[in-house]
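# Inside the fold
Letter by letter, the chains look like this.
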Amino acid sequence: MSVDTDLDLDPEILDEGSVSLFEGDEGGLEHAQRHALVTLLKQRFISARTHPRDWQVLVEHERVLRSRLNDLFLELAVDRAREVAWKRQATSETGSRFPTLLYDAAWSREETLVLVHLRDRLRAGLAGGDAHVFIDRDDIVDYVATFRPPHATDEAGDEKRARNAVISIAKAGLLIGTAAEDRFEISEAVEPLLPLDLLQELLEALQRATSAEAPASPEEQAELFDEQAEPVGDAGEE
């Protein structure tokens, strides 16, 4: 995930005396607030590290940004201790579903396993006093392999899916690339996006699926991860 860069904008656009940014503009937010709002909608999460300017704007104008998201049936979640923020779909008091802008897809089995492992490694590293926690690609792939059911025979296919899951998690910004191609830093956003209660449910479900004598049907697997792995959606079409 890229870090904020300076925007090449006309000084008049950034005039603090007006919120109008283009002809016919009836918006009520300043440029920096709009930028932070768009970033929240486009990205799975923002943090003080990945989007420092947007994070600062969010801290200073959390209420107004929360209000704009609420207008779109979205909620704003903020973890100030880890300096991470993300949006999630709002649910009505009756439990009915609102219209959504989010591409709402649950994590796959392999992606879920990767997230579980990353959270565990992150917590262990931070508890040990590490300011930054790193992990190798092969470490992740080997962990996923430990959940291969006894009946599984396609080892090459399983490994390919595990490696693709690493790529997917990295694209989501939860693994941060380093100078070494196969080494990553684990994002601080992993923990708040995968809380302890959800982690325990996922581990138990994965262990049951792994120890099963017969493979689960595609429908059963889809049901498992749709229910257990809460997606963190992006706005717009995929």
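Our subject is the structure that appears above.
Analysis parameters
- Residues numbered from 1 in each chain as written.
- Predicted model: local features only at pLDDT ≥ 70, side-chain atom pairs only at ≥ 80, totals over all residues.
- Heavy atoms only, no water.
- Helix = DSSP H or I, 4+ residues; strand = E, 2+ residues; numbered from the N terminus.
- Buried < 20%, exposed > 50% of the residue type's maximum accessible area, 1.4 Å probe, protein only.
- Lys, Arg positive; Asp, Glu negative; His and termini not counted.
- Salt bridge = Lys/Arg side-chain N within 4 Å of Asp/Glu carboxyl O.
- Polar contact = N/O pair within 3.5 Å; in protein donor to acceptor, adjacent residues only side chain to side chain.
- Expected span 1.5 Å × (residues − 1).
- Contact = heavy atoms within 4.5 Å.
- Pairing = 2+ DSSP bridges.
- Axes fitted to C-alpha atoms, helices over the stretch in contact; angles between N-to-C directions.
- Parallel < 35°, antiparallel > 145°, perpendicular 65-115°, else oblique.
- Left-handed = near helix turned anticlockwise from the far one by under 90°.
- Nonpolar A, V, L, I, M, F, W, Y, C, P; charged D, E, K, R; others polar.

Here D54 is to be found in helix α2 (residues 52-60). Among buried Asp, Glu, Lys and Arg side chains, D54 stands out as unpaired, with R53 the closest opposite charge at 6.2 Å. A polar side-chain atom of D54 sits 2.8 Å from a polar atom in the side chain of H35.

In this model helix α6 (residues 155-171) runs 24 Å from its N-terminal to its C-terminal C-alpha over 17 residues, within 8% of the 24 Å that 1.5 Å per residue would give. All of the buried residues along α6 are G157, D158, A162, A165, V166, I169 and A170. In this fold, the buried residues of α6 make contact with α4 (109-127), α5 (137-145), β6 (175-177) and β7 (183-186).

So, about the pairing of strand β2 (residues 74-79). Sheet topology places β2 next to strand β3 (residues 84-89); 6 bridges connect them, and they run antiparallel. Among the inter-strand pairings, L74 is bridged to a residue of β3, identified as Q89.

Bringing unusual backbone geometry into the picture now. Phi angles above zero are rare outside glycine, and F73 is one such case at about 65°. A residue is classified by how much of its surface remains accessible, and F73, at 31% relative accessible area, is partly exposed. One non-glycine residue, E83, adopts positive backbone phi at about 60°. Positionally, E83 belongs in the loop between β2 and β3.

Our focus in this paragraph is the side chain of E191. Relative to the assigned elements, E191 resides in helix α7 (residues 190-193). Residue E191 is classed as buried on the basis of its relative accessible area, which comes to 8%. Within the structure, the side chain of E191 is placed 2.2 Å from the side chain of R123, a separation counted as a polar contact. Apart from the residues within four sequence positions on either side, E191 is in contact with R82, R119, L122 and R123.

Here the focus is the packing of α5 against α6. Any two packed helices are characterised by how steeply their axes cross, that is the angle between the axes, and by the distance between the axes. One can describe the packing of α5 onto α6 by two numbers: an axis separation of 9 Å at closest approach and a directional angle of 130°. Relative to α6, the element α5 is oriented oblique. In this structure, α5 crosses over α6, and the sense of that crossing is right-handed. Residues R137, D138, I140, V141 and V144 of α5 lie in contact with α6, whose contacting residues are E159, A162, R163, V166 and I167. Here the contact of α5 with α6 is built from residues that sort into 6 nonpolar, no polar and 4 charged.

Ordered in space as β5-β7-β6, the 3 strands form an open sheet in which the pairing is antiparallel. Two strands bound the open sheet, and with one partner strand each, they are β5 (134-136) and β6. This sheet shows a mean twist of 40° between the axes of neighbouring strands, independent of strand direction. Of the pairings in the sheet, the one linking β5 to β7 comprises 3 bridges and is antiparallel in character. Note that in β7 the partner of F134 across the bridge is E185. Across the sheet, α4 lies against β5, β6 and β7, angled at about 140° from β5, the strand it touches most.

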